[in-house]
Amino acid sequence: MPVNKKIYFGTNTKMYKTIDDTVEFVAELQKLTDDIDKDKVEIFVIPSFTAIKDARNIVKCKFLKIGAQNMNWEEQGQYTGEISPLMLREVGTDIVMIGHSERRHILGETDVEENKKVLCSLEHGFITLLCIGETMEQKQYGVSDEILRLQLKIGLYGVKHEDSERIWIAYEPVWAIGENGVPATKEYAAKMHDVIKKTLSGIFGDVHGRKIPVLYGGSVNMQNASELSKVRDIDGLFIGRSAWNAKDFNKIIRSVL
Ligand code: PGA
């Protein structure tokens, strides 16, 4: 990433941390990263719904942002088990993550649904983190570029140019995520991030499109973080397992800075 640009570091704690675990994690992370220049870096944590309020309450400044792992596209209704934008607003959510690979591939969400969520999230003023990525099968068929374009074009359909300022993208190849994942090489990530940046410019025009941060995620760790972050079109890192301990997350952040 270019030196003068903001760098993004986030973690999604999936279904792993209780309220107490999250509070302890966020408090420690806040302390460890206290001296970092807030104009240059964005740090965010996306815990379970039940922990958002307590996490938000212990974060003293807006520097460390707190996100939600999913959201329904309606304010209220007959959607048992779902969470509404009003409920997320009420507990102080800054970011809504939409379309994480596990929601798409385990819970069967479609691009059309992600689009409805994106529009609703923007309408309610949240920073909206849309996750995209191809499966191994799609990669083997040589259609990764097409898949990413499709996920972006449908996922962001109807988003106003001025709202693009609150869009963040996470590129997470499905085959790179989790315990059996293999991190993308920096060459492969560079190629895919270039496709994403070009597609975003195509959708929003160069001025707005180029400003949208695109983070890389999928088996980011202490060994590959610095190298991946040097790729021109990678604006930040979205990390799972390797960031779930605050000391390790802080170490990764420092290794990049
Ligand atoms: P991982 O998870 O870093 O553990 O591969 C990434 C993610 O699911 O966002």
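Up top is the structure these notes are about.
What counts as what
- Residues numbered from 1 in each chain as written.
- Predicted model: local features only at pLDDT ≥ 70, side-chain atom pairs only at ≥ 80, totals over all residues.
- Heavy atoms only, no water.
- Near = heavy atom within 4 Å.
- Polar contact = N/O pair within 3.5 Å; in protein donor to acceptor, adjacent residues only side chain to side chain.
- Areas by Shrake-Rupley, 256 points an atom, 1.4 Å probe, with all protein chains shown as cover.
- Core = buried A, V, L, I, M, F, W, Y, C linked by side-chain atoms within 4.5 Å.
- Buried < 20%, exposed > 50% of the residue type's maximum accessible area, 1.4 Å probe, protein only.
- Helix = DSSP H or I, 4+ residues; strand = E, 2+ residues; numbered from the N terminus.
- Contact = heavy atoms within 4.5 Å.
- Salt bridge = Lys/Arg side-chain N within 4 Å of Asp/Glu carboxyl O.
- Phe/Tyr/Trp six-rings, centres within 6.5 Å; stacked < 30°, edge-to-face > 60°.
- Pairing = 2+ DSSP bridges.
- Right-handed = clockwise from strand over helix to strand, strands pointing away.

What to know about the site of the ligand
Phase 1: For the ligand, the full set of nearby residues is Lys14, His100, Glu172, Ala176, Ile177, Gly178, Gly218, Ser219, Ile239, Gly240 and Arg241.
Phase 2: Between an oxygen atom of the ligand and a side-chain N or O atom of lysine 14, the distance comes to 2.8 Å.
Phase 3: In this structure, an oxygen atom belonging to the ligand sits 2.8 Å away from a side-chain N or O atom of histidine 100.
Phase 4: Calculation on the ligand without its partners gives an accessible area of 280 Å², and the protein chains cover 99% of this total.

Side note on the nonpolar core
Phase 1: Counting 59 residues, the largest nonpolar core has Leu156, Ile169, Tyr216 and Leu237 as the members making the most contacts within it.
Phase 2: Broken down by element, the residue count for this core peaks at six residues, all from helix H8 (residues 186–209).
Phase 3: If sequence neighbours within four positions are ignored, isoleucine 169 has contacts with Leu129, Leu130, Ile132, Leu152, Leu156, Ile196, Leu200, Ile212, Pro213, Val214 and Leu215.
Phase 4: Ranked by size, the runner-up nonpolar core spans 12 residues in total, among them Ile95, Leu129, Cys131 and Ala170.

What to know about the pattern of salt bridges
Side-chain pairs of opposite charge can arise whenever the charged atoms involved come near each other.
Phase 1: Across all of its chains, the model carries 19 salt bridges by this definition.
Phase 2: For glutamate 102, the salt bridge is made with lysine 14, and the minimal N-O distance between the two is 2.7 Å. With glutamate 102 in helix H4 (residues 101–105) and lysine 14 in the loop between strand S1 (7–12) and helix H1 (19–32), this residue pair connects regions lying 88 residues apart in the sequence.
Phase 3: Given a relative accessible area of 15%, lysine 14 falls into the buried group.
Phase 4: Three or more residues joined by partner-sharing salt bridges are found here, namely Asp194, Lys198, Arg210, Arg232 and Asp233.

Comments concerning the packing of aromatic side chains
Phase 1: For the structure on display, the rule yields seven aromatic pairs.
Phase 2: With 4.7 Å between their ring centres and 40° between their planes, tyrosine 16 and tryptophan 244 make a pair best called tilted. Here tyrosine 16 is found in the loop between S1 and H1, whereas its partner tryptophan 244 is found in the loop between strand S8 (236–239) and helix H10 (246–256), with 228 residues between them in sequence.
Phase 3: Overall, the relative accessible area of 55% leaves tyrosine 16 in the exposed class.
Phase 4: Here the aromatic rings of tryptophan 73 and tyrosine 79 are separated by 6.1 Å at their centres, their planes lie at 70°, and the arrangement is edge-to-face.
Phase 5: Judged by relative accessible area, tyrosine 79 falls into the partly exposed class, the value being 33%.
Phase 6: Put simply, the rings of Tyr8, Phe44, Trp168 and Phe238 touch in pairs and so form one group of aromatic residues.

Section: the pairing of strand S6 (residues 167–171)
Phase 1: Among the five residues in S6, five count as buried, and that is most of the element.
Phase 2: Here S6 shows no split at all, with Ile167, Ile169 and Tyr171 on one side and Trp168 and Ala170 on the other all buried.
Phase 3: For strand S5 (residues 127–132) and S6, the ladder comprises five bridges, and the chain directions are parallel. Along S6, the bridge assignment pairs leucine 129 with tryptophan 168.
Phase 4: Direction of pairing for S6 relative to strand S7 (residues 214–217): parallel, over a ladder of three bridges. Pairing of alanine 170 across the sheet is with leucine 215, part of S7.
Phase 5: Crossover handedness for the path S6 to H8 to S7: right-handed.

A closer look at the pairing of S8
Phase 1: Because side chains alternate across S8, one face comprises the buried residues Gly236 and Phe238, and the other comprises Leu237 and Ile239, equally buried.
Phase 2: Pairing geometry for S1 and S8, over four bridges, is parallel. Among the inter-strand pairings, phenylalanine 9 is bridged to a residue of S8, identified as leucine 237.
Phase 3: In terms of strand pairing, S7 meets S8 through three bridges, oriented parallel. What sits directly across from tyrosine 216, in S8, is leucine 237.

Observations concerning the environment of glycine 108
Phase 1: Mapped onto the fold, glycine 108 is located in the loop between H4 and helix H5 (111–123).
Phase 2: Spatially, the C-alpha atoms of glycine 108 and glutamate 24 are 32 Å apart, while their sequence positions differ by 84 residues.
Phase 3: When neighbours within four sequence positions are excluded, glycine 108 is seen to be in contact with Arg103 and Glu113.

Function-wise, these values are silent; they only describe arrangement.
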